[in-house]
Amino acid sequence: MSAFSAINILQPPPFASRSAFEKSPPSPVTCKRQVGKVMASHVTNHPPTTGNSSSEQLRRTQTNHRPSVWDYGSIQSLGSHSMGSSNGEQLEKLTQAVSVLFEQAGELRAELQLVDAVQRLGMGYLFEKEIKKVLDRTAERVDGIVMVDDDLYTRALLFRLLRQHGYKVSQDVFKSFRDKEGFKPYLSEEIQGMLSLYEASHLAFEGEIILEEARNFTRNRLRGHLQVEPGLAVKVQHALELPTHRWLTWLEARWYMDSYPNEHWSEPAVVELSRMHFNMVQATHRNDVKAMSSWWKDLALASRLSFARDRLMESFYWSIGLVYEPQFRYCRQQLTKVAQLLTTIDDVYDVYGTLDELELFTDAIRRWDLNTIDHLPDYMKTCFEALFKTVKRIGDDTIKELDRDINPYLSKAWGDLCEAFLTEAKWFDKKTKPTLEEYLENGWVSSSGPLLLTFAYYLLPRKASNKESGSLDNYMDLIKCSSMIFRLCNDLAISKEELELEGGDSISAIQLYMDETGSTEETACEYIRSLISDCWKRLNEESISCFPLSQTFTHVVINLARNAQTVYLHGDGFSAPEGQTKACVTSLLVETY
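Residues numbered from 1 in each chain as written. Predicted model: local features only at pLDDT ≥ 70, side-chain atom pairs only at ≥ 80, totals over all residues. Heavy atoms only, no water.

1. Regarding helix H9 (residues 209-223)
Going by this rule: Secondary structure elements are defined from DSSP: runs of H or I of at least 4 residues count as helices, runs of E of at least 2 residues count as strands, and each element is numbered from the N terminus. A helix is expected to span 1.5 Å multiplied by its residue count minus one. Partly exposed describes any residue whose relative accessible area lies between the buried limit of under 20% and the exposed limit of over 50%, with all areas from a 1.4 Å probe on protein chains only and scaled to the type maximum.
Its 15 residues give H9 an end-to-end C-alpha distance of 21 Å, which sits within 8% of 21 Å, the value for a rise of 1.5 Å per residue. The set of residues buried in H9 consists of Ile210, Leu211, Ala214, Arg215, Phe217, Thr218 and Leu222.

If you want it as structure tokens, here you go:
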């Protein structure tokens, strides 16, 4: 039995049954990794603002939240370079020129390289028709290609692109590269082919032994080829750090803009278009984040609730990871609001509220009525009012487009999230530890993934003629896989030593596994990595069935997992944003290409 099936990872929690899921999906950028530390950071030690609670449980503790590295002034100072009519015309000409390249590509390898390039450069949405035409044609003749083409690089690229776009293609396309002992040894000398196969292996489904073998075979041999020519070594190192399929899409695009021009098959028109396109998208993002910074300043929660984290820029960075495309700016802005509010509420549960107060607050969230919060402490009233008015505004603004009231779905999602937060608060308060299975069943909800995805589902533009009007319930398994990756990556990002700094009472999947099995931290971390790998396999498979419903939303769900893999790659990039996260934000929003 795999680790994935052992924890029964796709069974819904008791309070989120399949039939009720659409009415209450769960969570944003707060990834609650353990009670007491989630996306944390700045040194304060504030006494309670009110004493309404009769409870003396010390849920209010000293917080270690670091201050924001992006203040209002620095965000507002971001330039807003505009395209201008001449640049707009040049962008249109370059787009047309690249479109023509699809028609002139000729051989299969050149066609697939062009598809891969525009996709990795973040321009795939500009060439949806051209890409679909190439992949439709390729999918129709896969068997013939396999029979006559013995090029590992092209075969693996074909496989990866088809699966990424929801086409059904079997792992058997790699059988000809194997013998009784496994993959043929001579392949080790084909570095480009090995790299392509390594990337393709991360699109595996559960039980696909050939692809699992391919990943191990290529990873081990690529690690031994890091002394090859510099340009290729950089690509190998980048893939070994995280494969293309798991990088935050827009951040990967920024990295590939430096790598692609060095490819011998690169096209000048694609290079030039990618630079103009990046600056155009960056201008949109800058305007978005400045608007969100003004919203956050006007809301004044950062100054009114001094125990809570100010992570406006990091919340926006997370929303870019979900939907970077310019046409989705409304969705991106609202997700930023949800993410920042979630971070504040997360701190209410993690570091400030007593258990009695948290039970009252959770009940208020469930009731979702401003007239029933008089019994709450002042700081909770402030928090609830800000949340209620923001979410209601989002729901009301969306009613006209959808011709339906989505407010019940949005409020129910917040209720489910706070129930999950409360469960963790009770574990902390009673100093009891759940089983690993209990922790994960609650944790995929408290990760906040489902809440973000619920909002994204209703805020993305709808096409009346499309099947996209279907129920969110159709995506339940996909959402759970992605949110579980979110939870597990977050848990992996914080070391045992950091947990001990929290007082030893914090809970993580790693610590629970160690307690249950008596294993070392290293072994526990390896087990959690195996769970993440299994979740990705299930996510890959579930996405194939969801693509016909909505490719846009399916990509957003996958992007949530990519966000988690990227932001928590070198530690807790939300709790400690001054390091790698700041560098990533700077490359995307501050530095013009």
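This is not the end of the story, as more comes after the structure.
2. Brief notes about the packing of aromatic side chains
Heads up, the rule is: Between the rings of Phe, Tyr and Trp (Trp by its six-membered ring), a pair exists once the centres lie within 6.5 Å; its type follows the angle of the planes, with under 30 degrees stacked, over 60 edge-to-face, and the other angles tilted. Geometrically, a charge over a ring is one whose NZ (Lys) or CZ (Arg) sits within 6 Å of the ring centre while staying within 35 degrees of the ring normal.
According to the stated counting rule, one finds 27 aromatic pairs in the structure shown. Put simply, the rings of Tyr125, Trp250, Phe278, Tyr324 and Tyr593 pair up and form one aromatic cluster. The side chain of arginine 163 reaches across the aromatic face of phenylalanine 205, ending 3.7 Å from its centre. It is arginine 178 that lies over the ring of phenylalanine 183; its NZ or CZ is 5.8 Å from the centre.

3. Focus: unusual backbone geometry
In this structure, tryptophan 368 is a non-glycine residue whose phi angle is positive, near 55 degrees. With respect to the element layout, tryptophan 368 can be found in the loop between helix H16 (355-367) and helix H17 (378-402). Positive phi, normally seen in glycine, also occurs at serine 448, with a value near 85 degrees. With respect to the helices and strands, serine 448 occurs in the loop between helix H19 (436-446) and helix H20 (449-459).

4. A closer look at H20
With 11 of 11 residues buried, H20 is to be regarded as a mostly interior element. Buried residues of H20: Gly449, Pro450, Leu451, Leu452, Leu453, Thr454, Phe455, Ala456, Tyr457, Tyr458 and Leu459, and no others.

5. A closer look at the packing of helix H15 (residues 329-352) against helix H18 (residues 407-430)
Let me state the cut-off plainly: Axis definition: a line fitted to C-alpha atoms, limited for helices to the stretch in contact. Angles are taken between N-to-C directions and run from 0 to 180 degrees. Here the word oblique covers every angle except those under 35 degrees (roughly parallel), over 145 (roughly antiparallel) and from 65 to 115 (roughly perpendicular). The sense of a crossing depends on the near helix, which, turned anticlockwise from the far helix by less than a right angle, makes the crossing left-handed and, turned clockwise, makes it right-handed. The contact criterion used throughout is that any non-hydrogen atoms of two residues lie within 4.5 Å.
H18 packs onto H15 with a crossing angle of 30 degrees between their chain directions and a minimal axis gap of 10 Å. By the angle between their axes, H15 is roughly parallel relative to H18. Here H15 and H18 pass one another in a crossing that is right-handed. Contacts between H15 and H18 involve Val338, Leu341, Leu342, Ile345, Asp346 and Tyr349 from the former and Trp414, Leu417, Cys418, Phe421 and Leu422 from the latter.

6. Re the pattern of salt bridges
This is how the line gets drawn: Here, a salt bridge means any Lys or Arg side-chain nitrogen found within 4 Å of an Asp or Glu carboxyl oxygen.
Applying the stated rule across the entire model yields 27 salt bridges. A salt bridge links aspartate 515 to lysine 433; the nearest nitrogen and oxygen atoms lie 3.2 Å apart. Taken together, the residues aspartate 515 in helix H23 (residues 509-517) and lysine 433 in the loop between H18 and H19 connect sequence positions 82 residues apart. Residue classification places aspartate 515 among the partly exposed positions, given a relative accessible area of 42%. Through salt bridges with shared partners, one network takes in Arg366, Lys412, Asp416 and Glu419.

7. Considering the packing of H23 against helix H24 (residues 521-546)
Threshold: All amino acids are sorted into three groups, where Ala, Val, Leu, Ile, Met, Phe, Trp, Tyr, Cys and Pro are nonpolar, Asp, Glu, Lys and Arg are charged, and the leftover types, Gly among them, are polar.
Viewed as axis vectors pointing N to C, H23 and H24 meet at an angle of 120 degrees, and their least axial separation amounts to 9 Å. As judged from the angle between their axes, H23 and H24 are oblique. The handedness of the crossing between H23 and H24 is right-handed. Of the residues in H24, those in contact with Ala509, Ile510, Tyr513 and Met514 of H23 are Glu521, Thr523, Ala524, Cys525, Tyr527 and Ile528. Here the contact of H23 with H24 is built from residues that sort into eight nonpolar, one polar and one charged.

8. Regarding the environment of tyrosine 317
In this fold, tyrosine 317 is placed in helix H14 (residues 312-322). Classification of tyrosine 317 as buried rests on a relative accessible area of 4%. Separated by 272 residues in the primary sequence, tyrosine 317 and leucine 589 place their C-alpha atoms 9.1 Å from one another. Those residues in contact with tyrosine 317, other than ones at most four positions away along the chain, are Leu248, Leu251, Thr566, Val567, Thr581, Cys584, Val585 and Leu588.

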